[in-house]
Structures are given as C-alpha cells and as structure tokens.
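Remarks on the overall topology
Read off the chains here:
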Amino acid sequence: MVAPHLAAVFTKLQTLSTSDYASVVSMNIFVALLCACIVIGHLLEENRWMNESITALIIGVFTGVIILLTSGGKSSHLLVFSEDLFFIYLLPPIIFNAGFQVKKKQFFRNFITIMLFGAVGTLISCTIISLGVINFFKEMDIGSLDIGDFLAIGAIFAATDSVCTLQVLNQDETPLLYSLVLGEGVVNDATSVVLFNAIQSFDLVNTSPRILLEFIGSFLYLFLASTMLGVIVGLVSAYIIKKLYFGRHSTDREFALMMLMAYLSYIMAELFYLSGILTVFFCGIVMSHYTWHNVTESSRVTTKHAFATLSFVAETFLFLYVGMDALDMEKWRFVSDSPGTSVAVSAVLMGLVMVGRAAFVFPLSFLSNLAKKSASEKISFREQIIIWWAGLMRGAVSMALAYNQFTRGGHTQLRGNAIMITSTITIVLFSTVVFGLMTKPLIRFLLPHPKPTASMLSDQSTPKSMEAPFLGSGQDSFDDSLIGVHRPNSIRVLLTTPAHTVHYYWRKFDYAFMRPMFGGRGFVPFVPGSPTERSEPNLPQWQ
C-alpha cells in the first residue's frame, strides 16, 4: 500500500521538476534574446532605418519561427502573455521614466496642447474608429460582436505607441515637438485605458443621455483623481527624504525609497480603480522636481540611470514578446479558412486609425496655433505631419487591451475574437515595422536642420541633464528677468499670454512655499555631505 503511494508522489515530484526545468530553460533563452536585442540594437544605432524597437520585434518573430518549427507547430512562445504582467510589472517603469526624464518647462508650457491631443484627440479617434467598425464590420463575416466590443475596439486602436518616433527625435534640437509627442503619448495611453475600463463597466445596451453624462463624469473623475494621487505620493516621498535624510550615507536606501514610492503610487491607483499610467507619470514629474534634488549626488546618478535602464529593458521585453506572439497558431487556425477576411479587417482598422489620427491632429493644431502669438511656439505643418505619423504606430498597450477584451487567460475559442486578436497583431507588426522604418528618413526630410531657438535651451532642473551645470544659462533661475517671464500687470496680459502668466504665479508659489516645504534645488539647508552639497562655489544657499 505504501509503495504505490510513494511511487505516485515520486512521479508527481518528477513532473514538477520537469516543469520547473522547462521554465528555467525558457527564461534562459528569453534573457539571452534580451541581451541579443541590446547588442544588435547598439550595433544598428546609427542605421538610417532601424531602431531598437524594430530590432526586438524582428528578433521576436524569427525566434517564434524557430520555436514553432521545433515544437511541431504547437506554439511560438517561450512565455505565456498576460495582460496583468504587462500592466502591473512592465508598464509602470516605462511611464514613470517618461515623467521622471521629461523636460518640465516644455511639458507644462505646452500642457494645454498636450491635453488637447492626448485627451480630446483620443476621444475623437476612438469615436471615429468605433463608428467605422460598426459600419464596415456589418458587411464582413467576422462572428458575433456586440456594441461593447465595437466601442472597445475604438479604445484599443486609439492607443498610440510613439516609442519609434521618440527614439529618433532629439529633445534638445526639437524641444517643442519632443514634448508634444511624449506628453501626448502618455496622456493618450492613460485616456485609452480609462476609456476601455469605462466601456467595460457601463451598461451599453440601454443607452441614454444620463449614461453619457455619467460616462463623462467618470472619465473626468478618473483623470483628476489619478493625477492628484501621483502628485501627493511624489510630494510625500520628497518630504520624507528631505526631513529624514534617509540616504545621506546610503545611496541604496534613497534609491530603494524612491523606486518603491513610485511603484506604490501605481499600485494605489489600481487599488482605487484609477489610472495607474497618469498617477505614476505625474509622480515621476513631481519626484524629478523635488525628491531628486533632496538626495545625495551619487543617488542622483544612480536613480537617473537605474530608472532609464528599467524602462529600456521593459520596452525591449514587450517588443520581443509581441514579435513571438505574432505566430501564435491557436489564433491563426480560426482565420486560416478565410484569410481574406482577416486581411480586410486589418486593412479597415489601419485605414480608420490613419483617418482618426488626422481628424484631430490638424484641426487641434490649428486651434492651438490660434492661441499662440510667437511664431516659434506655433506648430508648423511639417511638425504636424510628424505628430500625425508618430501616433500611427500601435504597440504593447493595444495588444494588452485586445487580449483583455477578446481572450481569457491568453486563449480564445471564438472566431470573432480570434480575428480581432490576429488583426491587432498584424497592425502592431505592420505599423511598427513599416512606419517605424520610415520614421528616421521622414524626420530627416521634414526637419533637416532645425534652427536653434531660445526654447531649445536645456531644462537643467531635470534629471536628464546630469552632465550640465545645475544652474547654467539662466535656466531655472530665481530672477524672473532671466527666465523671460515678467510680472503680469493687467488683465489684458493675462488673457493674451495665459501660459506665461500661469507660469509666473506658479514659480512664485513654488519658491515661496513648495520648495521650502518639500525641498528642491537651493532650498534645503547646506550640510557638508548632505543631499544639498554642490560642486559649484557660486550656488546661492537658501536658509
């Protein structure tokens, strides 16, 4: 009696051991592929066509082909895709680093335009795509999709992926364009996820004006609450480090606290059903403005490069997996009997993405230019084309939302759902590779030699500028005359230059209250070896 029982236990343990060994082998191969992506991406860095995103995607496709052949056509994966893995572990470092490294002057100077593109533009794009698929898909045999699926498709394909464009744009040469593309990309992702969650939570069968008002109210609440949560967590981290001097002699503790507080903001947002993307983005902005200046010199270098590295690895991981997922045979079997339908669906969706993008970029750019007096602050037609182009690429957010809507645990047994997944994969591959390959030549053709302007001066208060003096070229100076923001002395000035006026009063409030309370450059008492120690002898010390 005992022997058979022991044999069964031994067999079970052996099975578990085999499973664990297979997982270890898969992880080894995946990590080796990540290393290959980094090495090959570096070698192709100066290539006119390639960039690291496309490199990872192509390596993923080739790896998927090899795995598919060795497994006898059963699978092309080393790992099983999970939208939870994406949203909980991979997306936070990417978005946080975007906020942490962004040049705040340019971002907030163009905040209204960024919100127009990222929020209003995404709503317009989502509406056009949803209406388009409702009209076109009725004529196609793609299975049973309801109104919720059509609206979800709008949110899925309204999510842009501007990584390829940002890798080509230079933040110092084209600060306006870079800040618009980066800011719109982050706000767009947040808006798409908020829209997607709102669509899933509302009863869309019994629609009424009241439902529409509730939808708009829920959307605004999520936007504002998510932003405020990120700001609050960022300020708390700054206050803790400023008051307790956590890392005066320990870079490890400082870096750990900043990293955990940033991740805490994202997890708290998910806990309260808010937008983690918006929360962690604004947490990154606040940390770079206050917290980062309260830590030691070594911690500044460590945090800057560590956050950038985490973001880079997460992006590479995503593109590598998307490449392998493109050959998932389980989903392609459902469309193998009618490949023309899948191609038609992909073509319709790609066309709607291009139309939906154009429908808001050019009109909203026109409106934005009307409110700007200076020609250097206006968005030229060539820059509008690049902004339109930057948002045509679809990536990991679209993939994750599509899996969330049309699969269960990464699997689907419905033909309509399988067609939507394969179409999403097709569009992600096509847009990233084709549009991505043409990005560098397009930008070099449209912006061959950008002329330096005053707005191209680097924002030295951001962690991006570690190699520059902390107080140079008059940037971020306490003298309003040096930063070009003069005291508004009339209502007319307030109405004609609202951005400069708001900027003036914000700077005044920031210097008078925020920095003395939460720290930042020039406001923490000087203590040898403390976070405020500077190499510049002429830096003013604020008591």
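Everything quoted here is computed from the prediction, not taken from an experiment. Counting of residues starts from 1 at the beginning of each chain's written sequence and follows it residue by residue. The predicted nature of this model means local features are confined to residues of pLDDT at least 70 and side-chain atom pairs, given and counted, to a pLDDT of 80 or more, with totals for whole chains, interfaces and linings taken over all residues. The side-chain values count all of the structure's non-hydrogen atoms but skip hydrogen atoms and water molecules.

Here's the deal with the overall build of the protein
- When you go through the protein residue by residue, the secondary structure sums to 20 helices and zero strands.
- Exposed residues in this analysis have more than 50% of their type's maximum accessible area, buried residues have under 20%, and partly exposed residues fall in between, with area computed by a 1.4 Å probe over protein chains only. Put simply, the protein has 543 residues, and 53% of those count as buried.
- The criterion used for residue contact is that any of the two residues' heavy atoms lie within 4.5 Å. For the protein, long-range pairs separated by at least 24 residues make up 81% of all intrachain contacts whose partners lie at least 6 apart in sequence.
- Total accessible area on the protein stands at roughly 25000 Å², and carbon and sulfur atoms take up 69% of it. Secondary structure counts use DSSP, requiring at least four H or I residues in a row for a helix and at least two E residues in a row for a strand, with both numbered from the N terminus. Working definition of accessibility: Shrake-Rupley area with a 1.4 Å probe, residue cover restricted to the visible protein chains.

Quick look at unusual backbone geometry
- Its identity is not glycine, yet Tyr 273 carries a phi of approximately 60°, on the positive side.
- Looking at the element boundaries, Tyr 273 is found in the loop between helix 10 (251-271) and helix 11 (276-289).

Regarding the pattern of salt bridges
- Salt bridges are defined as contacts in which a side-chain nitrogen from Lys or Arg sits within 4 Å of a carboxyl oxygen from Asp or Glu. On inspection of all chains with the given rule, the structure shows three salt bridges.
- One salt bridge in this structure joins Arg 515 and Asp 510, with 3.1 Å as the shortest N-O distance.
- The class of Arg 515 is buried, set by a relative accessible area of 2%.
- Judged by relative accessible area, which is 1%, Asp 510 ranks as buried.

Description of the packing of helix 14 (residues 339-370) against helix 17 (residues 415-446)
- Angles shown run from 0 to 180 degrees and are taken between the N-to-C directions of axes, each axis being a line fitted to C-alpha atoms and, for helices, limited to the stretch in contact. At a closest axis distance of 9 Å, the pairing of helix 14 and helix 17 adopts a crossing angle of 55°. Considering their axes alone, helix 14 and helix 17 lie oblique with respect to each other. Between helix 14 and helix 17 lies a crossing of right-handed hand. Residues Thr 341, Ser 342, Val 345, Ser 346, Leu 349 and Met 350 of helix 14 touch helix 17, and the partners they reach there are Arg 415, Ile 419, Met 420, Thr 422, Ser 423, Thr 426, Ile 427, Phe 430, Ser 431 and Phe 435.
- Residues are grouped as follows: Ala, Val, Leu, Ile, Met, Phe, Trp, Tyr, Cys and Pro are nonpolar; Asp, Glu, Lys and Arg are charged; all remaining types, including Gly, are polar. Partitioning the contact of helix 14 with helix 17 into residue classes produces eight nonpolar, seven polar and one charged. Under this scheme an angle from 65 to 115 degrees is roughly perpendicular, one under 35 degrees roughly parallel, and one over 145 degrees roughly antiparallel; angles in between are oblique. Note on convention: near helix rotated counterclockwise from far helix by under a right angle means a left-handed crossing. Clockwise means right-handed.

Focus: the packing of aromatic side chains
- Here a Phe, Tyr or Trp ring, Trp counted by its six-membered ring, pairs with any other such ring whose centre lies within 6.5 Å, and the pair is stacked when the planes are under 30 degrees apart, edge-to-face when over 60, and tilted otherwise. Overall, the coordinates contain 20 aromatic pairs when judged by the stated rule.
- Aromatic side chains Phe 107 and Phe 111 sit 5.9 Å apart centroid to centroid with 70° between the ring planes, which places their arrangement in the edge-to-face category.
- Judged by relative accessible area, which is 1%, Phe 107 ranks as buried.
- A centroid spacing of 5.4 Å and a plane angle of 85° characterise the contact between Phe 281 and Phe 282, whose relative ring orientation is edge-to-face.

Considerations on the confidence of the model for the protein
- The quantity known as pLDDT measures the predictor's confidence residue by residue, on a range of 0 to 100. Scored by pLDDT, the protein has a mean of 77; 75% of the residues are at 70 or more.
- Residue range residues 492-496 is modelled with pLDDT below 50. Its contacts to residues more than four positions away, or to other chains, number five contacts.
- Counted against residues more than four places away or in other chains, residues 530-543, with its pLDDT under 50, gives 35 contacts.

Comments concerning the nonpolar core
- Side-chain atoms within 4.5 Å are what join buried Ala, Val, Leu, Ile, Met, Phe, Trp, Tyr and Cys residues into a set we call a nonpolar core. By size, the foremost hydrophobic cluster in this structure holds 129 residues, and its most contacted members are Phe 86, Phe 137, Ile 153, Phe 157, Leu 349 and Met 420.
- For Ile 153, the residues in contact, after removing those within four places along its chain, are Ile 129, Val 133, Phe 137, Leu 145, Leu 349, Phe 406 and Met 420.
- Ranked by size, the runner-up nonpolar core spans six residues in total, among them Leu 235, Val 286, Tyr 290 and Phe 518.

Focus: the packing of helix 8 (residues 175-201) against helix 15 (residues 381-390)
- Where helix 8 meets helix 15, the axes come as close as 11 Å, and the angle between the chain directions of the two elements is 25°. In terms of axis orientation, helix 8 runs roughly parallel to helix 15. Here helix 8 runs over helix 15; the crossing is right-handed. Where helix 8 abuts helix 15, its residues Leu 176, Leu 177, Leu 180, Val 181 and Glu 184 lie against Glu 383, Ile 386, Ile 387 and Ala 390.
- Classifying every residue of the contact of helix 8 with helix 15 gives seven nonpolar, no polar and two charged.

Here's the deal with helix 5 (residues 111-137)
- Between the first and last residue of a helix there are one fewer steps than residues, each counted as 1.5 Å, and that sum is the expected span. Taking 1.5 Å of rise per residue, 27 residues should cover 39 Å, and helix 5 covers 37 Å from first to last C-alpha, within 8% of that figure.
- The angle between axes fitted to the seven residues ending at a residue and the seven residues starting there is what we call the bend at that residue. Where helix 5 bends most, the angle comes to about 35°, and this point is Gly 121.

Things to note about a nonpolar patch on the surface
- Residues Tyr 239, Trp 506, Phe 509, Phe 513 and Met 517 make up a contiguous nonpolar surface patch of about 450 Å² in total accessible area.
- The greatest single-element share of the nonpolar patch, amounting to four residues, is contributed by helix 20 (residues 498-518).
- A residue is classified by how much of its surface remains accessible, and Phe 509, at 40% relative accessible area, is partly exposed. Put simply, a patch holds well-exposed residues, over 30% relative accessible area, that have no salt bridge, with like charges counted together within 9 Å and Val, Leu, Ile, Met, Phe, Trp or Tyr side chains within 5 Å.

With respect to the environment of Met 324
- Locating Met 324 in the fold gives a position in helix 12 (residues 297-325).
- Taking the relative accessible area as the measure of exposure, Met 324 reaches 0% and is therefore buried.
- Along the chain, Met 324 and Val 61 lie 263 residues apart, while their C-alpha atoms are 5.0 Å from each other.

Focus on the environment of Ile 153
- Secondary-structure assignment places Ile 153 in helix 6 (residues 147-158).
- For Ile 153, a relative accessible area of 0% gives the class buried.
- Spatially, the C-alpha atom of Ile 153 lies 9.0 Å from that of Leu 401, the residues being 248 residues apart in sequence.

Comments concerning the environment of Phe 518
- Within the secondary structure, Phe 518 sits in helix 20.
- You can call Phe 518 buried: its relative accessible area is 13%.
- Through-space distance from the C-alpha of Phe 518 to that of Ser 237 is 8.8 Å; in sequence the pair is 281 residues apart.

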